[in-house]
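Below are the chains, spelled out letter by letter.
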Amino acid sequence: MSTQTRKVLPRKVKQDRKCDSGVENRGATLPSPKNSTPPPRRRASAAQPASPPRVNHHPETTSTAAAAAPVPSDTHDMPDMSRDLHDKRDDVTSPEGIARYFHEATEKFERMIKKAVDSLIENIKQVETHLGQAIEFESRRVTEVENRNLQLEKRMGELEKEVSTLRSEVERHNSAINKSERFSRRNNIRIVGIPESTNADEDCTALVENITKEKFGLDIKVERAHRDGKASKDRPRHILFKTLSYREKVDIMKNQRLKLAKEAYFMTDDLTADDLAEKRKWSTAVQELYKNGVKLRFFAGKWRNRTGVPHIFLSSS
């Protein structure tokens, strides 16, 4: 047993010396902890996978090296795996960290955009709803206005027909009234230009009978005679008289132009307001026609020729 022990011990010591020499050699190449700072630890990256551990085929050397390796005095120098992983996750300098950062930023931006778009879509829907209601309300108003307009147009058409009918009736009534008034003045004659007497008891009837007897040679009876119109200093008022028969009036009016040519007064027919306006309307045209040899006479509300047919004027002058 002692012999075997002697044989084994030198062999083991030899191996220990070899290991010690190897440790000393490695220590000689490394910088001394007193003279230099330890090199910074490099973090493992996903882009640079760690090299596989080398397998030592000499277990005795491995065990001896492990036994000879210095044990760190401070336990904080041991790497913390959880902290390392956390640093790798938050590190934006590594490709994974940059990719993760952009991915999270993209998701956040997408959520923000989606929220804004959803809010915009909701606002647009509300606007469309309100706009649709407003359009519907305005459409009903427009429809009501159109219906009311149609009713007003219909009513206006009816009123226009009524007004046209009333206008026709008024014209017909005016014509009938004018005709009736003209008939009531059928025997009337006006004397224009005889000066008024200063005597308040002027006898117009006797004055007219004397003129018809002296100028026309007619012994007629005047039904009534008087001054007509408002008194004026510039000109005397007309004398309006009425004969007992229409035949006597016609005899006087046919000869009055010739019989009274040298007198300062003249006789004319007693016209209604409408007939007088119609006569004055075409008086200038009648004078021009008279110069050209066309003679017209006004009676029954119209300018007529010798045969009694109303003359048609082209334009008023």
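Quick caveat: nothing in here was measured; it's all calculated off a predicted structure. (Residues numbered from 1 in each chain as written. Predicted model: local features only at pLDDT ≥ 70, side-chain atom pairs only at ≥ 80, totals over all residues. Heavy atoms only, no water.)

The number of helices and strands found in the protein chain is eight helices and six strands. Each helix and strand of the protein chain, placed in order from N terminus to C terminus, yields the pattern α-α-α-α-β-α-β-β-α-β-α-α-β-β. Relative to its full complement of 317 residues, the protein chain shows a buried share of 15%. The long-range fraction of contacts in the protein chain, counting pairs at least 24 apart against all pairs at least 6 apart in sequence, stands at 56%. (Helix = DSSP H or I, 4+ residues; strand = E, 2+ residues; numbered from the N terminus. Buried < 20%, exposed > 50% of the residue type's maximum accessible area, 1.4 Å probe, protein only. Contact = heavy atoms within 4.5 Å.)

With that out of the way, let us pick up helix α6 (residues 246-259). In this model α6 runs 19 Å from its N-terminal to its C-terminal C-alpha over 14 residues, within 8% of the 20 Å that 1.5 Å per residue would give. Helix geometry: α6 is bent most strongly at Met253, by close to 25°. Looking at α6, one finds that the buried residues are Lys249, Val250, Ile252 and Gln256. Elements that come into contact with the buried residues of α6 comprise β1 (188-192), α5 (204-215), β3 (238-243) and β4 (266-269). (Expected span 1.5 Å × (residues − 1). Bend = angle between axes of the 7 residues up to and from the residue.)

Within the structure shown, the criterion is met by three aromatic pairs. Measuring from ring centre to ring centre gives 5.8 Å for Tyr101 and Phe102, while their planes differ by 75°; the resulting arrangement is edge-to-face. Taking the relative accessible area as the measure of exposure, Tyr101 reaches 49% and is therefore partly exposed. One Lys or Arg, Arg186, reaches over the ring of Tyr246 and ends 3.7 Å from the middle of that ring. (Phe/Tyr/Trp six-rings, centres within 6.5 Å; stacked < 30°, edge-to-face > 60°. Lys NZ or Arg CZ within 6 Å of the ring centre and 35° of its normal.)

The subject of this paragraph is the pattern of salt bridges. Overall, the coordinates contain 13 salt bridges when judged by the stated rule. A salt bridge links Asp118 to Lys114; the shortest N-O distance between them is 3.1 Å. Of this pair, Asp118 and Lys114 both sit in helix α4 (residues 95-184), separated by four residues, roughly a single helical turn. Classification of Lys114 by relative accessible area gives exposed; the value is 53%. (Salt bridge = Lys/Arg side-chain N within 4 Å of Asp/Glu carboxyl O.)

Turning next to the pairing of β1. In terms of residue burial, β1 counts as a mostly covered element, since five of its five residues are buried. Across the two faces of β1 the burial is the same, with Asn188, Arg190 and Val192 and Ile189 and Ile191 all buried. For β1 and β3, the ladder comprises four bridges, and the chain directions are antiparallel. Bridge pairing in β3 places Asn188 opposite Lys242. Summarising the sheet, β1 and β4 pair through four bridges and their orientation is antiparallel. Directly across from Arg190, in β4, lies its bridge partner Thr268. (Pairing = 2+ DSSP bridges.)

In this section: the sheet that holds β1. The strands making up a sheet associate through hydrogen bonds between their backbones, and the pairing can be parallel or antiparallel. Pairing in this open sheet of four strands is antiparallel, and the strands run β2-β3-β1-β4 from one edge to the other. Two strands bound the open sheet, and with one partner strand each, they are β2 (222-228) and β4. With strand direction ignored, the average angle separating the axes of adjacent strands in the sheet is 25°. Of the strands in this sheet, β1, β3 and β4 touch α6, which is tilted by about 130° from β4. (Axes fitted to C-alpha atoms, helices over the stretch in contact; angles between N-to-C directions.)

Okay, the nonpolar core next. Counting 16 residues, the largest nonpolar core has Ile191, Val208, Phe241 and Met267 as the members making the most contacts within it. Elements that contribute at least two residues to this core include exactly β1, α5, β2 and β3. Here this core takes three residues from α5, the largest share from any one element. (Core = buried A, V, L, I, M, F, W, Y, C linked by side-chain atoms within 4.5 Å.)

This part takes up a nonpolar patch on the surface. On the surface, Phe109, Met112, Ile113, Val117 and Ile121 cluster together into a nonpolar patch covering about 450 Å² of accessible area. For Met112, the position within the fold is in helix α4. (Patch = residues over 30% accessible without salt bridge, like charges linked within 9 Å, V, L, I, M, F, W, Y side chains within 5 Å. Areas by Shrake-Rupley, 256 points an atom, 1.4 Å probe, with all protein chains shown as cover.)

All right, on to unusual backbone geometry then. Unlike most non-glycine residues, Ala300 shows phi in positive territory, near 55°. If you trace the backbone, Ala300 turns up in the loop between β5 (297-299) and β6 (302-304).

With that settled, consider the side chain of Arg304. Looking at the secondary structure, you find Arg304 in strand β6. No salt bridge is formed by the buried Arg304; the nearest opposite charge belongs to Asp275, separated by 8.8 Å. Of note is the side chain of Arg304, whose polar atom sits 3.1 Å from the backbone oxygen of Gly308. Ignoring sequence-local partners within four residues, the contact set of Arg304 consists of Lys295, Leu296, Arg297, Phe299, Val309, Pro310 and His311. (Lys, Arg positive; Asp, Glu negative; His and termini not counted. Polar contact = N/O pair within 3.5 Å; in protein donor to acceptor, adjacent residues only side chain to side chain.)

The next thing to look at is the confidence of the model for the protein chain. A residue-level look at the protein chain finds 70% of positions with pLDDT of 70 or above and a mean pLDDT of 77. Per-residue pLDDT stays below 50 along residues 55-79; that stretch engages in ten contacts with residues further than four places along the chain or on separate chains. Of the regions scoring below 50 in pLDDT, residues 81-89 engages in five contacts with residues more than four places distant in sequence or in other chains. (pLDDT = per-residue confidence, 0-100.)

Relative to the helices and strands, Arg190 is located in strand β1. Within the structure, the side chain of Arg190 is placed 2.8 Å from the side chain of Asp228, a separation counted as a polar contact.

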